[in-house]
Amino acid sequence: MSAAPTSNTAALERLQRRRSAKRRENSVLLHGFEQAGELCLFAWNFLRRWYRRPFEARELLRQMDEVGSKSYVLTAVTGFAIGIVLAMQSRGTLVRFGAEAVLPSMLSLSVFKEIGPVITSLVLAGRVGAGIGAEIGSMRVTEQIDALEVAALKPFHYLVVTRVLACMIMFPVLTIWTDMIAMSGGYLESVIASNTDYRVFFDSAFQSLRFSDLIVDTMKTSVFGFIVGIVSCHKGYNVKGGTREVGQAAMQAVVTSSLLIFLADVLMVRLSLMLFGLY
Amino acid sequence: MPPPDNIAISVHDLHKSFGTVHVLKGITMDVEEGTNAVVMGGSGSGKSVLIKSIVQLLKPDRGEVWINGVRVDTLEDDELDRVRLSIGYVFQGGALFDSMSVYDNLDFILYRHTSMRAKEREPVVMEALEWVRLPEHAHKYPAELSGGQKKRVGLARAIILQPAVMFYDEPTTGLDPVSVRTVSELIARLRDDRDISSVVITHDLLCAEIVADDVFFLDGGRFVASGTLDEVRKSPIPEVGNFYRQSR
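Undergrad: Can you walk me through unusual backbone geometry in this structure?
TA: Note: most residues except glycine have negative phi, and most peptide bonds are trans. Residue Arg53(A) is joined to Pro54(A) through a cis peptide bond whose omega torsion reads -5°. Among the secondary structure elements, Pro54(A) is positioned in the loop between helix 1 (3-49) and helix 2 (57-69). Here Asp13(B), not a glycine, exhibits a phi torsion of approximately 50°, which is positive. Examined against the element boundaries, Asp13(B) turns out to sit in strand 1 (residues 7-18). You can call Asp13(B) partly exposed: its relative accessible area is 30%. Positive phi outside glycine occurs at Gln162(B), with the angle close to 50°.

Right under this line is the structure:
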């Protein structure tokens, strides 16, 4: 007789546990949708406002300098390492098939079409995205954004529009820079491994590239710049709380930007294939 | 209904909630031209929410806010910005732009809102810094200033465009008694010398004694007492009595 109530209680507890787990799942899902919705609205605000007055030319130039001059060493080192490693790892396989001569063109195609743009954008998402998220986040918690607002200084224009535009302009510039350094790294490896003449190497490398490839693949980093700028500004702009939340905003800016860069890359490659058949 | 001409700031039946928490429950207040209204109350009573709702940093759920005869709660962003040019706001922590020097914090406002050249702006910036007795700190960065100095620079920045009304959010919180007196006397001087109308949010009795013309006591989202400082001090409301006893 006593077993029935116990098993009923246990069943009830199991049901309650399942229900609360379900509720947690739902709230995580709901939070995710809420975040995505807020991000889209924020991006829409940017698209509605970026071409309107006031034009913050001075701040835009400062931000371009911030993104560009403080990141070029980092992206150069990354590019150089990628070029050398890619050349070293491919050489063995190509030699085995007697196709060592195609190394420069293989390297240029890999670097200019995919590795250069994506790796540069990911590196910049880490450096620039975290910086923007933390800077704007700390401005939010110390009421500097409110101070801009109450002084009629349009903080969205001053802080968000300038940073997103700076990212959109500087990402392609840094990508070309990184691509060139990566090719130099590949050339250095070829000189060390097989004493290749630089004219032979670079002629072969650029012969296989079309100018349209270069334009489309480099310009897609402008979209990556938009993603990093918007996500990082959104995370910083909407910080609530204190220094702990500022740190979280910076971290979330990097993680979300990186994931969205991969997603956007897949979509843009697919779209380019459909529209131009470039890939 | 617009308030009478002698009322610089008017708030009528203001409500503000955050989710299910009803913070402001029908606030009504008028601030006459050239007077300082002090809003007092304990922590969490909604003082900062009130001042931020008046200047539209927070959008009120219901009610009317009039500043210098303009109803601001229904304005579009651009129109609101025009009204904000006649408003000065001093933030609790100063809210100085930490990437700029003290001089640039003030100069930036003039640069953006006037057509003055750099050379013409310089004496205006220095005059404002002299007014808060900090001209020698012009080229320091906010991180190099003390709490009291930050608030005085925040005050100088707020008055650089010669506003008609001022708002102070806890202007003396975290300061030593000497700095409290200095900042409070500056607030009182602004009223006396420039005829500026102000709303001062504070829980500091010394500050209230120095600056207040009218006092409003906020508790549980409502004004439970108002009048001169002495009238409020003698209020029979237990919350007001407790506040004064604990503040002594």
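Undergrad: Which parts of the structure should I look at to understand the pattern of salt bridges?
TA: Opposite charge on two side chains permits pairing when their charged atoms draw close. All names here are of chain A. The final tally for this structure, using the stated rule, is 30 salt bridges over all chains. For Lys113, the salt bridge goes to Asp217, with nearest N and O atoms at 3.7 Å. Of this pair, Lys113 sits in helix 4 (residues 103-141) while Asp217 is found in helix 8 (residues 211-237), placing the two residues 104 residues apart along the sequence. Asp217 carries the same exposure label as Lys113, and that label is buried.

Undergrad: What am I meant to see in the packing of aromatic side chains here?
TA: One pair of aromatic rings is described through two measures. These are the centre distance and the angle between the planes. Taken as a whole and judged by the stated rule, the model has 18 aromatic pairs over all chains. Look at Tyr72(A) and Trp177(A): their rings are 6.0 Å apart centre to centre, the planes differ by 65°, and that puts the pair in the edge-to-face class. A residue pair is termed long-range when its members are at least 10 positions apart, and Tyr72(A) in helix 3 (residues 72-96) and Trp177(A) in helix 6 (residues 155-194) qualify at 105 residues. Assessed through its relative accessible area of 39%, Tyr72(A) is described here as partly exposed. Note on Tyr158(A) and Phe108(B): the rings are 5.2 Å apart at their centroids and 45° apart in plane angle, and the pair reads as tilted. Pair noted here: Tyr158(A) is in helix 6 and Phe108(B) is in helix 3 (residues 102-113), and the two residues belong to different chains. The class for Phe108(B) is buried, based on a relative accessible area of 6%. Through a chain of ring-to-ring contacts, three or more aromatic side chains come together here, namely Phe112(A), Tyr187(A), Phe201(A), Phe202(A) and Phe206(A). Sitting over the ring of Tyr111(B), Arg58(A) keeps its end group 4.2 Å from the ring centre. Against the face of Phe97(B) rests Arg157(B), its NZ or CZ located 4.5 Å from the ring centre.

Undergrad: Any chance you could explain the side chain of Thr162(A) here in plain terms?
TA: All names here are of chain A. The topology assignment puts Thr162 in helix 6. Judged by its relative accessible area of 3%, Thr162 falls in the buried class. A distance of 2.6 Å separates the side chain of Thr162 from the backbone oxygen of Tyr158, its partner in a polar contact. Setting aside chain neighbours within four positions, we find Thr162 in contact with Glu56, Glu59, Leu60, Gln63 and His157.

Undergrad: Help me out: how do you make sense of the sheet that holds strand 1 of chain B in this one?
TA: To summarise the sheet geometry, strands pair through backbone hydrogen bonds and adopt either a parallel or an antiparallel arrangement. Residues and elements named next belong to chain B. Read from one edge to the other, the open sheet built from four strands follows the order 2-1-4-5, with strand pairing classed as antiparallel. Each having just a single partner strand, strand 2 (21-32) and strand 5 (70-71) make up the two edges of the open sheet. The pairing of strand 1 with strand 2 spans nine bridges and is antiparallel. Following the sheet pairing, Ser17 is matched in strand 2 by His22. Across the sheet, helix 1 (residues 47-54) is in contact with strand 1, strand 2 and strand 4 (62-67); its angle to strand 1 comes to roughly 120°.

Undergrad: Help me understand empty space enclosed by the protein in this model?
TA: A water-sized probe rolled over the atoms picks out the places where empty space is left. Considering all chains together, one arrives at one cavity of 30 Å³ or more under this definition. Taken together, 16 residues form the lining of the largest cavity, with Ala151(A), Ile87(B), Ile109(B), Arg157(B) and Ala158(B) sitting closest to its centre. Residues belonging to the lining of the largest cavity are distributed by class as follows: 11 nonpolar, three polar and two charged.

Undergrad: Help me understand the interface of chain B and chain A in this model?
TA: Reports often express the size of an interface as the amount of accessible area lost when the parts come together. Taken residue by residue, the interface counts 24 residues in chain B and 17 residues in chain A. It is Arg84(B), Phe97(B) and Arg112(B) in chain B that bury the most area against chain A; as a group they hold 28% of the surface buried on that side. Summed over the shared surface of chain B and chain A, the number is six salt bridges. The closest approach of N and O atoms between Glu143(A) and Lys52(B), which form a salt bridge, is 2.7 Å. Linking chain B to chain A there are seven residue pairs in polar contact (both at pLDDT 80 or more). It is helix 3 of chain B that provides the largest number of residues to the side of chain B that touches chain A, a total of five residues. Classifying every residue of the side of chain B that touches chain A by side-chain character gives 12 nonpolar, three polar and nine charged.

Conventions adopted
- Residues numbered from 1 in each chain as written.
- Chains lettered and ligands numbered in written order.
- Predicted model: local features only at pLDDT ≥ 70, side-chain atom pairs only at ≥ 80, totals over all residues.
- Heavy atoms only, no water.
- Helix = DSSP H or I, 4+ residues; strand = E, 2+ residues; numbered from the N terminus.
- Buried < 20%, exposed > 50% of the residue type's maximum accessible area, 1.4 Å probe, protein only.
- Salt bridge = Lys/Arg side-chain N within 4 Å of Asp/Glu carboxyl O.
- Phe/Tyr/Trp six-rings, centres within 6.5 Å; stacked < 30°, edge-to-face > 60°.
- Lys NZ or Arg CZ within 6 Å of the ring centre and 35° of its normal.
- Polar contact = N/O pair within 3.5 Å; in protein donor to acceptor, adjacent residues only side chain to side chain.
- Contact = heavy atoms within 4.5 Å.
- Pairing = 2+ DSSP bridges.
- Axes fitted to C-alpha atoms, helices over the stretch in contact; angles between N-to-C directions.
- 1 Å grid on protein atoms, 1.4 Å probe; cavity = no way out; pocket = protein on both sides within 12 Å on 5 of 7 lines; lining within 4 Å.
- Points joined across faces, edges and corners; volume = space filled by probe spheres on them.
- Nonpolar A, V, L, I, M, F, W, Y, C, P; charged D, E, K, R; others polar.
- Buried area = accessible area lost by both parts, 1.4 Å probe.

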